[in-house]
Amino acid sequence: PEAVVFGGEFRYELLVKNSGTAPVMGVRVEDELPAGAKFLGSEPQAELNADRLAWGIGTLEAGAEKRIVVR
């Protein structure tokens with residue numbers, strides 16, 4: 001988001017898309033939390049390691065997309 005209220009909860013989305021013509025296997029998404037941010041949860045659930053979030057997406061078929069919601 002462009003602005004966040006200090007101490008307030010905010011949400012953002014990550015969109016992973018395979019725009020190719022073949023499946024992609026072993027897809028993994030990683031995101032770094034900004035300094036001072038607290039991870040509240042995600043859909044699907046993320047692996048949390050210090051200030052890094054990770055999701056094992058697996059195989060993403062050609063033209064498919066996966067949306068990750070983070071709070």
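Residues numbered from 1 in each chain as written. Predicted model: local features only at pLDDT ≥ 70, side-chain atom pairs only at ≥ 80, totals over all residues. Heavy atoms only, no water.

Trainee: Before we go on, may I ask you to explain the overall build of the protein in this structure?
Mentor: Across its full length, the protein holds 0 helices and 6 strands. The N-to-C order of helical and strand elements in the protein reads β-β-β-β-β-β. Each of the three principal axes of the protein carries a C-alpha extent, and together these read 45 × 25 × 15 Å. Out of the 71 residues belonging to the protein, those deemed buried represent 27%. Residue pairs at least 24 apart in sequence account for 64% of intrachain contacts in the protein once pairs closer than 6 positions are excluded. Of the roughly 5100 Å² that the protein leaves accessible, carbon and sulfur atoms contribute 51%. Between the averaged position of the 8 positive side-chain charges in the protein and that of its 11 negative side-chain charges there is a distance of 3 Å. (Helix = DSSP H or I, 4+ residues; strand = E, 2+ residues; numbered from the N terminus. Buried < 20%, exposed > 50% of the residue type's maximum accessible area, 1.4 Å probe, protein only. Contact = heavy atoms within 4.5 Å. Areas by Shrake-Rupley, 256 points an atom, 1.4 Å probe, with all protein chains shown as cover. Lys, Arg positive; Asp, Glu negative; His and termini not counted. Charge placed at Lys NZ, Arg CZ, Asp CG, Glu CD.)

Trainee: Is there a simple way to think about the packing of aromatic side chains in this case?
Mentor: Each aromatic ring pair is characterised by the separation of its centres together with the angle its planes make. Scanning the entire structure with this criterion turns up 1 aromatic pair. Between F10 and Y12 the ring centres are 6.2 Å apart and the planes differ by 25°, which places this aromatic pair in the stacked class. For F10, a relative accessible area of 29% puts it in the partly exposed group. (Phe/Tyr/Trp six-rings, centres within 6.5 Å; stacked < 30°, edge-to-face > 60°.)

Trainee: Is there a simple way to think about the nonpolar core in this case?
Mentor: Proteins that are soluble and globular tend to have nonpolar side chains buried together. Counting residues in hydrophobic clusters, the biggest one holds 14 residues, and the most contacted among them are V29, L53, W55, I57, I68 and V70. Mapped onto this core, the elements with two or more residues apiece are β1 (12–17), β2 (24–32), β5 (52–60) and β6 (65–70). When residues in this core are grouped by element, the largest group, 4 residues, is from β5. When near neighbours in sequence (up to four residues on either side) are disregarded, V29 contacts L14, V16, L53, A54, W55, I57 and I68. (Core = buried A, V, L, I, M, F, W, Y, C linked by side-chain atoms within 4.5 Å.)

Trainee: Is there a simple way to explain unusual backbone geometry in this structure?
Mentor: Among all residues except glycine, the phi angle is most often negative; among peptide bonds, the trans geometry is most common. E43 connects to P44 through a cis peptide bond whose omega is 0°. Tracing the backbone through its elements, the reader meets P44 in the loop between β3 (42–43) and β4 (47–49). One non-glycine residue, A50, adopts positive backbone phi at about 60°. Using a relative accessible area of 70% as the deciding quantity, one classes A50 as exposed.

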